[in-house]
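# Overview (structure and organization)
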Amino acid sequence: MTETEEKADPPAVMIEPIDISKLDPDFREGIRSMPNGEELSACFACSTCTAACPIANTWKYKPHQLIRMILLGMREEVLSSEEIWLCLTCFECQERCPQNVRVTDIFFDCKNLAAEESMIPDSIVGLAKELLDKGQLYVVTADWEREDMDLEPEVPGLSTEEFKAILKGTRTGRIVGGDE
Amino acid sequence: MPSYNLYMGCSVPANYPNYETSLFRVADKFGIELIYMEGVSCCGSPNLRAIDYMGWLIVNARTLAVAEKNGHDIVTPCNGCFGSLKDVYHFLIHNADYREKVNAELKKTGVEFKGTIKPRHFIEALYNDIGIDEIKKKITKPLDGVGIAIHYGCHLLRPKDVTEFKPEIFEALIRVTGASVVEYPLWKQCCGATVLPVNEELAIRLARDKLKSMKEAGAVFTTVSCPACGNQLDLQQLGLKESYGEEYNLPVLFITQILGLAMGMGDDEVGLEMNRVPADPILKHLSG
Ligand code: SF4
Ligand code: SF4
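Residues numbered from 1 in each chain as written. Chains lettered and ligands numbered in written order. Predicted model: local features only at pLDDT ≥ 70, side-chain atom pairs only at ≥ 80, totals over all residues. Heavy atoms only, no water.

## Description of the overall build of chain A
A tally of helices and strands in chain A yields 12 helices and zero strands. Helices (α) and strands (β) of chain A occur, in sequence order from the N terminus, as α-α-α-α-α-α-α-α-α-α-α-α. The C-alpha radius of gyration computed for chain A amounts to 23 Å, which surpasses the reference 16 Å derived for 180 residues by more than 25%, pointing to a less compact arrangement than a globule. Along the first, second and third principal axes, the C-alpha atoms of chain A reach 90 × 35 × 30 Å. Summed over its atoms, the accessible surface of chain A is roughly 9800 Å², and 50% of this surface lies on carbon and sulfur atoms. Taken as two groups, the 18 positive and 35 negative side-chain charges of chain A have centres that lie 4 Å from each other. (Helix = DSSP H or I, 4+ residues; strand = E, 2+ residues; numbered from the N terminus. Rg over C-alpha atoms; globule rule 2.2 N^0.38 Å. Areas by Shrake-Rupley, 256 points an atom, 1.4 Å probe, with all protein chains shown as cover. Lys, Arg positive; Asp, Glu negative; His and termini not counted. Charge placed at Lys NZ, Arg CZ, Asp CG, Glu CD.)

## Overview of the pattern of salt bridges
Going through the model one piece at a time under the given rule, you end up with 28 salt bridges over all chains. Close ionic contact of A:E95 with B:K160 constitutes a salt bridge, the shortest N to O distance being 3.7 Å. Taken together, the residues A:E95 in helix α7 (residues 92–96) and B:K160 in helix α10 (residues 160–163) connect one chain to another. Accessibility expressed as a relative area gives 24% for A:E95, which makes it partly exposed. Judged by its relative accessible area of 51%, B:K160 is exposed. (Salt bridge = Lys/Arg side-chain N within 4 Å of Asp/Glu carboxyl O. Buried < 20%, exposed > 50% of the residue type's maximum accessible area, 1.4 Å probe, protein only.)

## Remarks on helix α5 (residues 79–94) of chain B
Given a rise of 1.5 Å per residue, 16 residues ought to cover 22 Å, and the 22 Å separating the end C-alpha atoms of α5(B) matches this to within 8%. Of all the residues in α5(B), the buried ones are B:N79, B:C81, B:F82, B:G83, B:S84, B:L85, B:K86, B:D87, B:V88, B:Y89, B:F91 and B:L92. (Expected span 1.5 Å × (residues − 1).)

## Some points on the site of ligand 2
Residue and element names in this part refer to chain A. What surrounds ligand 2 is a group of 13 residues, the closest being C53, C87, L88, C90 and C93. Mapped onto the shell around ligand 2, the elements with two or more residues apiece are α7 and α8 (103–116). In terms of residue class, the shell around ligand 2 is built from 10 nonpolar, two polar and one charged. (Near = heavy atom within 4 Å. Nonpolar A, V, L, I, M, F, W, Y, C, P; charged D, E, K, R; others polar.)

## Points about the site of ligand 1
Neighbouring ligand 1 are 13 residues, the closest being A:C43, A:C46, A:S47, A:C49 and A:C97. Residues belonging to the shell around ligand 1 are distributed by class as follows: nine nonpolar, four polar and no charged.

## With respect to the domain arrangement of chain B
Residue and element names in this part refer to chain B. Structurally, chain B comprises domain 1 (3–122) and domain 2 (139–287). Here the C-alpha centroids of domain 1 and domain 2 sit 24 Å apart. On the domain 1 side of the interface with domain 2, the three residues burying the most area are Y16, N18 and N79, jointly 28% of the side's total. The tally of links between domain 1 and domain 2 comes to three salt bridges. Every element with two or more residues in the side of domain 1 that touches domain 2 is listed here: α1 (11–15), α2 (17–29) and α5. Sorting elements by how many residues they give to the side of domain 1 that touches domain 2 places α2 first, with nine residues. (Domains from an automatic or database assignment. Buried area = accessible area lost by both parts, 1.4 Å probe.)

## Description of unusual backbone geometry
Put simply, B:R158 and B:P159 share a cis peptide bond, and its omega is -10 degrees. Here the phi dihedral of A:T89 falls at roughly 55 degrees; this positive angle occurs in a residue that is not glycine. Within the secondary structure, A:T89 sits in the loop between α6 (83–86) and α7. Positive phi, normally seen in glycine, also occurs at B:E164, with a value near 55 degrees. As for its placement among the helices and strands, B:E164 is situated in the loop between α10 and α11 (167–175). With relative accessibility at 45%, the residue B:E164 sits in the partly exposed group.

## A short note on the interface of chain B and chain A
Listed as interface residues are 56 residues of chain B and, on the opposing side, 53 residues of chain A. Buried area between chain B and chain A, both sides added, is near 4700 Å², and the carbon and sulfur share of it is 64%. Among the residues chain B hides against chain A, the three largest losses belong to B:R49, B:I51 and B:R158. Together they make up 13% of the total. For the interface between chain B and chain A, the tally reads six salt bridges. In this structure, A:D105 and B:R49 form a salt bridge, with 2.8 Å as the shortest nitrogen-oxygen distance. (Contact = heavy atoms within 4.5 Å.)

## Structural notes on the domain arrangement of chain A
Interface size is commonly expressed as the accessible surface area that is lost when the partners come together. Residue and element names in this part refer to chain A. For chain A, the domain assignment lists domain 1 (20–116) and domain 2 (122–177). Look at where the C-alpha atoms of domain 1 and domain 2 centre, and you get two points 31 Å apart. Every contact between the two is made by four residues of domain 1 and, on the other side, four residues of domain 2. Here domain 1 packs against domain 2, burying approximately 310 Å² in sum over the two surfaces, 43% of which is carbon and sulfur. Remark: the boundary between domain 1 and domain 2 carries two salt bridges. A salt bridge links R174 to E116; the shortest N-O distance between them is 3.3 Å. For the side of domain 1 that touches domain 2, the leading source of residues is α8, giving three residues.

## Points about the pairing of strand β5 (residues 147–150) of chain B
Residues and elements named next belong to chain B. Of the two faces of β5, the one carrying G147 and A149 and the one carrying I148 and I150 are both buried. With two bridges connecting them, β5 and strand β6 (residues 180–181) associate as parallel partners. Opposite I148, over in β6, you have V181 as the bridge partner. Inspection of the sheet shows β5 paired to strand β7 (residues 221–224) by three bridges, in the parallel sense. Bridge pairing in β7 links I148 to F221. (Pairing = 2+ DSSP bridges.)

Have a look at this one:
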């Protein structure tokens, strides 16, 4: 009796339990079939990627955890995480991975999947819109500045039509179109 | 006299004509012909890659295919454009199925990606095709003893199996001017530019970390090979006065501005007045 009473307090929960019913077994293969995702399952959870990351100390899910979550099939958590969008795309994690897991490339794949489900930060939707409207991120406004530097006021050869036409037919077009 | 297709991207011409003009002047010294590419625009940036991988592949494959028409390699002064073009080049060379898909789209615009030319960063072309010995002959105003910290930039260095860029290239181009390369702990780290649209505070913190690391290691100024990195390290110094109450006074020069100055060009010729943090320490050194 005394024994059970002493154990009455539930143990402190160290890790949130994973709800197995919510796991998506196809997620792992989905990522593996995406660009540069092949090496995903070589991950042996050493967390070198996290040690190499300049900003992971502020993340809820660290790079090695995100990779593990993909392997486990935690699709929803990964695709809705803000971490994939905060990633600097600096490739430090990928460069150091002893298993040649292309960590940064895989986060790009995750962002593409999130984008397909319209889970994109507003600021990035805004950039997509600019790309589609203007055909480039930056437009020359101060042409006098260029002339001051002995350059043509307008960039020779620049043409944005083809760029816009291409993106209109790909996901960018759907993201921006679906937003209006 | 090597000829290249010049892919400017959108940031340099719009924001940094000082980089563009110094690039042309340096190229001119070596008889390098730079041909502005016809009918191209933006690389889309890592943001496009994040949301629309296929679109990013097609626009960059198209740029590569346009260059294939005259057979000259592409050179670009932007790490971001270089990163996009080189990654797409590398990916399509190694993935026949995607190459087919992309080419099916490109067919509609009358071009085809074959992978017959390479996209290169301008400084790599300068180093490999002109060579340090030739560059040395043109140095008339050596920057003897000036300590320069190099910010290489993520997309120039990594992933290294894709970029094939060696940090020694950048270092050699600085040393040939007589300057010394200041080593600092955070040399590999990101400047924060990519995350600017999603989290400005984080972007500013990263720029600060870099500047602090350079300054503490004794850098007199710093050099970049990318408009986004340049913007981040130069412009944010003004903001850091407010947000962190810190003043770094670390001039940020594009590599072609430094080479130009060391080759005897005037500060107006390399557009030094456009650099936000005044480059006085360098000018003082050159006139002294
Ligand atoms: S460094 Fe590579 S092997 Fe190690 S945890 Fe990260 S992804 Fe897995
Ligand atoms: S690429 Fe992203 S996850 Fe990898 S080290 Fe850089 S910021 Fe961290």
